Amino acid sequence: MAKPEESEENWVATMDNLCSQLNVDPGAAKKSKESYSEIKQNYTLDGDELHWMACALYVACRTSITPTVQSGKAVEGNCVSLTRLLRLCNISLIQFFNKIKNWMEMASMSTDFKDRITRLERKFAVSTVLFRKFQPIFQEIFSGLTNEPVKSNTKSKKQKLQPCTTNALFEFSWCLYVCVKGEFHNSADDLVDMYHVLLSCLDFVFANAFMARRYDVINPAFKGLPSDWLKDDFELPKKPPCIISVLCEIKEGLAVEAATMKEYSWRPVIKTFFDKGILKGNNDQLTGLLDIGNFDANLKSLNNLYETYVLSVGEFDERIFLGEHANEQIGTKNKVSGDEISQVIASFGPSSRACPDTPLTGRRYLARREELTPVSEATNSLARLAALLRQARPKPSPTLLRFFADCGVDKVTIVKNVVQPCNGWMEKFSESLSECNCSKETIAFRCNMVTCLYYKVFEHIITEEHRKKPQLSLQILLSQETFQLTVYACCTEVVLHAYGVHSLRFPRVLQIYGLSAFHFYKIIELVVQAVVQKLSRDVIKHLNAVEEQVLESLVWTSDSPLWDQLSKNPIPAAIEVYAQDSPNRRNASGLQSPISAAIDRYLTPMADQAKKQLFKDNIKPGQSLLVQTNNNVKQEPQQVPIVSTAETTPNTTPKKANNSLILFFRKFYSLAVIRMNDLCTRLKLTDDELKRKIWTCVEHSVMNQTQLMRDRHLDQILMCAVYVICKVSNAPSNQVERTFADIMRCYRQRPLADNHVYRSVLINKGNDEESPERGDLINFYNKVYVKCMQNFALRFTGKHKDGCSLSPLPAGRAGRSGRSGWSPGGQRVSERHQLYVKPLTTPPHHHHHLTYRFSRSPAKDLQAINTMVSCEVGGVKRAVDGEAGDVVKRARCAAPGVARKLQGLVSDRQAV
């Protein structure tokens, strides 16, 4: 066994050797050894020491500045190649990304550095996906590609005089692509844009091969070739052909987007390369790259250019995909093929995944996911958005103008309150895109897309508003600029997500328009209702995640308007924010909703108004299931799923409740109980009474210790409540105590969970002279949470003289464990009839059911239900025929009121 002194000498010698081979300057070398020594003393470093040394060296180099001979210039990263560093340390890229995450936590690296690593991960994921697409597309266009190593280290002069081979052209195409991609610093990790850059690259290489008459490398079966390509009398056109539309047709591209990218992003960069002498050929036609005298020089020039770029920015070398040992360097079993892509993407954090996890509150609402590739999933969202806006224009439609005219709104008001503000918001969005170095044409195209979507969504909302409240003057709604701005901002978020603009990911849109999260979340539901059947599942899921992000933390920041609302109104309990059970109301599970007016969300408080709950069911708008159980079958008493206990629920919300707060806290409490149930399930805490204790503790902290939520996260309060209640409720006969390590481990397993939530919690806000104090969750619990909640938590020990009544659990979804607070028969929609509605998960297996599926079932099915209800009212009983099923006898005296109520219910569901 080696002595500690010998062990230290060994790793120091190894580190010195690495620094020497990488030519690391003395300052960065010293920094890397100091950080490695400190981490090694404080933590147990499992696995190969070289892997951890790679992390220490990379961090030291990337946080150092190297001066250059050019005055006033400096380079980050000591010009150390990440690829060479990993090769010397015998660690793959995927292993490195896993190790560096742990290293950053142990070394308490800054958020800025963590963001850089996250961006590097995403670039790697995008490159991995696109290289997988590159090879089959290349083989579609060109022929003769072999499995031999692409790079050849020995080339004689005679070989240089030969025309380039298909393998050399393959290498050239990928090198050209990564060099051009390096010019798009802010969008290099946007999958859709980079895919269209790749298509532009292949189009460009094909044009050069076509104009050079390279019959030996072009695939004669390629669809983009002219029909007379192989004839002896074929004449070349004056301009190179464009195959963008052909590639988009056969390889999941968007023709308009790809053509825009080619003309306004790809061509200017290529023109610059010609002007600077990086590429040699015909400067006017941008051809001649493959000529015998130019090809080798162009390939060498591109390699030198990319080498300089990689060293200056410290990124991984994307040319490793071309190498013979690519699978070893990347860390995949096979050479970037098969299911390895899923492993590569899934190994990254939620924000970096091509397909993020579905939030807990959206699993029953979304349709079944289609089997799509990462590229097709990304382009699918954009394609459906483009299809929705194909006939739209960035101005109010004639239909909207006629509607305004019918409602007495003149053109002056429309221009002043609708058109002019919209133009101002478009300019703000344009400025934000300019910061991302987008071309003018791209900026104009995307601004028009946002504006077209805005007018389409605005028209839907405004007409629905008038339908719900015809007595309300539209002048009032048009005067609410915040309402219109939130619609525009939400449409912007939809477009940004469809394009995959990672640099402007949420909540950047709030900063662009100067919006508060508290105002923004109110419009999400209305926007979804307008576009839910027209946009992709991925977009709806994203809006779901955005709403959760707002509710869990963004709305609780110190500058949020929510605090002003709370200073004027008391915080309602969970039981107070759910509406009574009636045919026209939706319960907390979100199955059915009242008519919710948009204006109510932005104007004065109103009494007894329930609000819609977004992202709760797996049924699509316009689809539901009405179930009537056979009267001859013994009925069990059905409980209304407003709360999951048998305690009495108030019939109405407070008569003077603030409508905006009622909506907010219904959504907030629903999210909180869903996450609490999910965490309890993962911790194997199944006792209902214990869950009610935890919920009572959470509710008390929100209502009476609201300052705990300021600048903090809902999950931080939830984990503390679980810990303290389990601790005080623990008994020899009921071992429920859980450690913070257990709680945080289970929390990490939740979809979209972020370890930053429990690693960085606000302890003390500080002041002008002192910066805020932050610590981990245990620190927060000991220094802040216990002081506020200790006396209340002790009431649950059973030994305290002041007992504590338990709050009922709101009827949220219980995460993976299924539904909470639901009766087997579903939600009863009438107090007078045995009529229930519930999500359709599987077809009814009983023979004594009448069902109607909205937008699917024929009209006679609904007529049968109406007739059955009328028969009940008229006093006529149903007869049951075992062979023929349910036979409904018409009543002599039908009740038209019942039919009207049921028809109103159908209309409400269709309007959602």
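Worth saying up front: this structure is predicted, and the values here are computed from it rather than measured.

## Focus on the overall build of the chain
Then comes step 1: Along its length, the chain carries 32 helices and 10 strands.
Then comes step 2: Residues counted as buried form 54% of the 912 residues belonging to the chain.
Then comes step 3: Intrachain contacts of the chain at a sequence separation of at least 6 include 74% that bridge at least 24 residues.
Then comes step 4: For the chain, the computed accessible surface area is about 41300 Å², with 48% contributed by carbon and sulfur atoms.

## Some words on the side chain of Arg 214
Then comes step 1: In this structure, Arg 214 sits in the loop between α9 (191-211) and α10 (244-250).
Then comes step 2: Among the polar contacts made by the side chain of Arg 214, one reaches the side chain of Asp 216 at a distance of 2.8 Å.
Then comes step 3: Apart from the residues lying within four places of it in its own chain, the contact partners of Arg 214 are Pro 163, Cys 164, Ala 209 and Leu 290.

## Here we look at the pattern of salt bridges
Then comes step 1: All told, the structure shown has 24 salt bridges when counted by the stated rule.
Then comes step 2: Among the salt bridges present, the one from Lys 101 reaches Glu 121, with a minimum N-O distance of 3.2 Å. Of this pair, Lys 101 sits in helix α5 (residues 93-106) while Glu 121 sits in helix α6 (residues 111-141), placing them 20 residues apart in sequence.
Then comes step 3: For Lys 101, a relative accessible area of 25% corresponds to the partly exposed category.
Then comes step 4: Members of the salt-bridge network, linked through shared partners, are Glu 548, Glu 552, Arg 675, Asp 715 and Arg 750.

## Examining the packing of helix α26 (residues 688-704) against helix α27 (residues 714-729)
Then comes step 1: Remark: α26 packs on α27, axes separated minimally by 9 Å, with the N-to-C direction vectors making an angle of 130°. As the angle between them shows, α26 and α27 are arranged oblique. In the crossing of α26 with α27, the sense of the turn from one axis to the other is right-handed. Of α27, the residues touching α26 (which contributes Leu 690, Lys 693, Ile 694, Cys 697, Val 698 and Ser 701) are Ile 717, Leu 718, Ala 721, Val 722, Val 724, Ile 725, Cys 726 and Ser 729.
Then comes step 2: A class-by-class count of the residues in the contact of α26 with α27 yields 11 nonpolar, 2 polar and 1 charged.

## Focus: the packing of aromatic side chains
Then comes step 1: All chains considered together, the criterion is met by 55 aromatic pairs.
Then comes step 2: Seen in terms of ring centroids, Phe 131 and Phe 134 are 6.0 Å apart; in terms of plane orientation they differ by 40°. Their pairing is tilted. Placement of the pair is Phe 131 and Phe 134 together in helix α6, with a separation of 3 residues, close to one helical turn.
Then comes step 3: Taking relative accessible area as the criterion, Phe 134 reaches 0% and is therefore assigned buried.
Then comes step 4: Aromatic pair Phe 665 and Tyr 669: ring centres 5.7 Å apart, planes at 40°, arrangement tilted. Highlighted residues: Phe 665 and Tyr 669, both in helix α25 (residues 659-682), separated by 4 residues, approximately one helical turn.
Then comes step 5: What makes Phe 665 buried here is its relative accessible area of 0%.
Then comes step 6: Tyr 669 gets classed as buried once you look at its relative accessible area, which sits at 1%.
Then comes step 7: Put simply, the rings of Phe 518, Tyr 521, Trp 556, Trp 563, Phe 664, Phe 665, Phe 668, Tyr 669 and Trp 695 touch in pairs and so form one group of aromatic residues.
Then comes step 8: A cation over an aromatic ring shows up here: Arg 446 above the ring of Tyr 499, its NZ or CZ 3.9 Å from the ring centre.
Then comes step 9: Across from the ring centre of Trp 563, 3.9 Å away, lies the NZ or CZ of Arg 710, which sits over that ring.

## Some thoughts on the environment of Pro 241
Then comes step 1: Among the structural elements, Pro 241 can be located in the loop between α9 and α10.
Then comes step 2: In this structure Pro 241 comes out as partly exposed when scored by relative accessible area, which is 22%.
Then comes step 3: As for Pro 241 and Pro 226, which are separated by 15 residues in sequence, their C-alpha atoms are 9.4 Å apart.
Then comes step 4: For Pro 241, the residues in contact, after removing those within four places along its chain, are Asp 203, Phe 206, Ala 207, Phe 210 and Met 211.

## Quick look at the nonpolar core
One recurring pattern in soluble globular proteins: nonpolar side chains tend to sit buried together.
Then comes step 1: The biggest cluster of nonpolar side chains holds 252 residues, and the ones touching the most others in it are Leu 176, Phe 665 and Tyr 785.
Then comes step 2: In this structure Leu 176 touches Cys 201, Phe 204, Val 205, Trp 266, Ile 270, Leu 279 and Leu 302, once residues within four positions along its chain are discounted.
Then comes step 3: Core analysis: the next-biggest nonpolar cluster, separate from the first, contains 5 residues, Leu 850, Tyr 852, Leu 862 and Met 868 among them.

## Thoughts on unusual backbone geometry
Then comes step 1: For the peptide bond that leads from Phe 506 to Pro 507, omega is 15°, which places it in the cis range.
Then comes step 2: Position of Pro 507 among the secondary structure elements: in the loop between α20 (481-499) and α21 (508-513).
Then comes step 3: One non-glycine residue, Ser 108, adopts positive backbone phi at about 50°.
Then comes step 4: Inspection of the secondary structure puts Ser 108 in the loop between α5 and α6.
Then comes step 5: Among the residues examined, Ser 108 registers a relative accessible area of 61% and is labelled exposed.

## Quick word on the packing of α25 against α27
Then comes step 1: It is the contact of α25 with α27, at a shortest axis distance of 11 Å, that shows an interaxial angle of 50°. In terms of their interaxial angle, α25 and α27 are classed as oblique. As for the relative orientation of α25 and α27, their crossing is right-handed in sense. Taken together, the residues of α27 that come into contact with α25 (itself represented by Phe 668, Leu 671, Ala 672, Arg 675, Met 676 and Leu 679) are Leu 714, Asp 715, Leu 718, Met 719 and Val 722.

## Observations regarding helix α23 (residues 537-552)
Then comes step 1: Taking 1.5 Å per residue, 16 residues should reach 22 Å; α23 reaches 23 Å between its end C-alpha atoms and fits that length.
Then comes step 2: Within α23, 13 of the 16 residues are buried, which leaves the element mostly enclosed by the surrounding structure.

## Remarks on the environment of Tyr 513
Then comes step 1: Summarising the element assignment, Tyr 513 is placed in helix α21.
Then comes step 2: The spatial distance from the C-alpha of Tyr 513 to the C-alpha of Ser 432 is 10.0 Å, given a sequence separation of 81 residues.
Then comes step 3: In contact with Tyr 513, other than residues within four places in its own chain, are Trp 425, Lys 428, Phe 429, Leu 485, Tyr 488, Ala 489 and Thr 492.
Then comes step 4: Polar side-chain contacts of Tyr 513 include one of 2.8 Å to the side chain of Thr 492.

## Notes on the state of the cysteines
Then comes step 1: Inspection of every chain in the model, using the stated rule, returns 0 disulfides.
Then comes step 2: Take Cys 422: it sits in no disulfide, and the sulfur closest to it among the cysteines is that of Cys 491, at 9.4 Å.
Then comes step 3: Classification of Cys 422 as buried rests on a relative accessible area of 0%.
Then comes step 4: For Cys 491, which is in no disulfide, the shortest distance to another cysteine sulfur is to Cys 490 and amounts to 6.2 Å.

## Topic: the confidence of the model for the chain
Close inspection of predicted coordinates is inappropriate for parts of the model with low pLDDT.
Then comes step 1: Considering every residue of the chain, the mean pLDDT works out to 77; 72% of them sit at 70 or more.
Then comes step 2: Below a pLDDT of 50 lies the segment residues 604-657, which in the model reaches 199 contacts outside its immediate sequence neighbourhood of four places, other chains included.
Then comes step 3: Note on residues 872-896: pLDDT is under 50 here. Beyond four places in sequence and across chains, it has 45 contacts.

What counts as what
Residues numbered from 1 in each chain as written. Predicted model: local features only at pLDDT ≥ 70, side-chain atom pairs only at ≥ 80, totals over all residues. Heavy atoms only, no water. Helix = DSSP H or I, 4+ residues; strand = E, 2+ residues; numbered from the N terminus. Buried < 20%, exposed > 50% of the residue type's maximum accessible area, 1.4 Å probe, protein only. Contact = heavy atoms within 4.5 Å. Areas by Shrake-Rupley, 256 points an atom, 1.4 Å probe, with all protein chains shown as cover. Polar contact = N/O pair within 3.5 Å; in protein donor to acceptor, adjacent residues only side chain to side chain. Salt bridge = Lys/Arg side-chain N within 4 Å of Asp/Glu carboxyl O. Axes fitted to C-alpha atoms, helices over the stretch in contact; angles between N-to-C directions. Parallel < 35°, antiparallel > 145°, perpendicular 65-115°, else oblique. Left-handed = near helix turned anticlockwise from the far one by under 90°. Nonpolar A, V, L, I, M, F, W, Y, C, P; charged D, E, K, R; others polar. Phe/Tyr/Trp six-rings, centres within 6.5 Å; stacked < 30°, edge-to-face > 60°. Lys NZ or Arg CZ within 6 Å of the ring centre and 35° of its normal. Core = buried A, V, L, I, M, F, W, Y, C linked by side-chain atoms within 4.5 Å. Expected span 1.5 Å × (residues − 1). Disulfide = S-S within 2.5 Å. pLDDT = per-residue confidence, 0-100.

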